[in-house]
Each structure stands twice: as C-alpha cells, then as structure tokens.
Amino acid sequence: MVNLRPLELGYRIVDTLTLTEDEIVNGARFFNDRNPIHNDPSAAAASRFGGLIACGPHVSGIHACMLPSHCTDLGFDVLGTVFTVRYSAPFYPNVLHDLVWSVSAVAPHRSGGEFIEWTGTVSSRVSGVVCIEATGQVLAKQRS
C-alpha cells in the first residue's frame, strides 16, 4: 500500500461557501437550469421556498471539486472516480454554509495508488440544516 499520509481514515477537509442571489442565477444559467426557483427572483419569491435557491449541481459541483483540489494541493496526482449526491434541503443565498469531507476508507489500487473514499455534507451554519449529503471517491498517487 502506498503511503498517502495525511489521507487516512478520519482525515477532514472543511471550507465555507456563501452564494449571492446573482451567483445563484448565474450558476443556474451556466448549468442551463431553467427552473424559475433558481433563476427568476419574482417566481422564486412566490414558490414554497419564498425566494431563490441554488440549483443542486452548482453547489454539489463546488463541494465535489474540494476533493481533487485539496489532494492536488497536498502534492498527489488525483482523479475523481465516483460521486453520489443527495439534495436534502434548499441552499439559500447570502447564508454561510459549511462544506465538509471526511475520509471513510482507503484501499489499494492496482496502479500503485489508493482509492480514498469520502463522506461529505454541506450545511447551513445559521440553522445547522444539511443541504447536501454526498460520498466521493478519488484515486490518488504520490506525485513522481
């Protein structure tokens, strides 16, 4: 097994994210999400959410990119291989959210690297409500 310290069981990475209404609308446009709760403030205000909410791929994409970015910053060659996402609550604008990933398993790979499995959440720091629950897997190798 390759030594990929500090990427061992229990290792955590944490970041924060706040999106403005403009960023939410621009994210929905980028993802071509025409649902008005993501891109039309007037329609979203009349919805059950009472205002704009971010489209899932926008937030989950930022969250997922934390893994390869962090591993690269640590000096590993890395490739994301599997991600699963559950959207459990809306992501509202102008609210500070915590983005967390924790290593849940490490297994050798035939390439000489290791599969690092992660569990993650995105939650509102204000209410504590979890907006996204996710798992991710990356293949990491020591950089040559």
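In this report, we go over the structure that sits alongside the text. Just so we're clear, the structure is a prediction, and the values are computed from it rather than from any experiment.

**Here we look at the packing of aromatic side chains**
Phase 1: Throughout the structure, instances matching the rule amount to three aromatic pairs.
Phase 2: When the centroid spacing of 5.2 Å and the interplanar angle of 90 degrees are considered together, the rings of Phe30 and Phe31 count as edge-to-face.

**Examining helix H1 (residues 21-30)**
One turn of the α-helix equals 3.6 residues, which is why residues spaced by three or four share an orientation.
Phase 1: Inspection of H1 places Ile24, Val25, Gly27 and Ala28 among the buried residues, and these make up the whole buried set. In an axial view of H1, the angular spread of the buried residues amounts to 160 degrees, which keeps them on one side of the axis. Pointing more than 90 degrees away from the buried face of H1 are the exposed residues Asp22, Arg29 and Phe30.
Phase 2: Summarising the contacts, the buried residues of H1 are in contact with helix H2 (36-39) and helix H4 (56-73).
Phase 3: The first or second residue beyond H1 is Asn32, which carries a positive phi of 55 degrees.

**Some words on the state of the cysteines**
Phase 1: In total, this model carries zero disulfides according to the counting rule given.
Phase 2: No disulfide involves Cys55; its sulfur sits 13 Å from the nearest other cysteine sulfur, which is in Cys131.
Phase 3: Distance from the sulfur of Cys71, which forms no disulfide, to the nearest cysteine sulfur (Cys65) is 12 Å.
Phase 4: Here Cys71 falls in the buried class, since its relative accessible area comes to 0%.

Cut-offs and rules
- Residues numbered from 1 in each chain as written.
- Predicted model: local features only at pLDDT ≥ 70, side-chain atom pairs only at ≥ 80, totals over all residues.
- Heavy atoms only, no water.
- Phe/Tyr/Trp six-rings, centres within 6.5 Å; stacked < 30°, edge-to-face > 60°.
- Buried < 20%, exposed > 50% of the residue type's maximum accessible area, 1.4 Å probe, protein only.
- Helix = DSSP H or I, 4+ residues; strand = E, 2+ residues; numbered from the N terminus.
- Arc of directions from axis to C-beta.
- Contact = heavy atoms within 4.5 Å.
- Disulfide = S-S within 2.5 Å.

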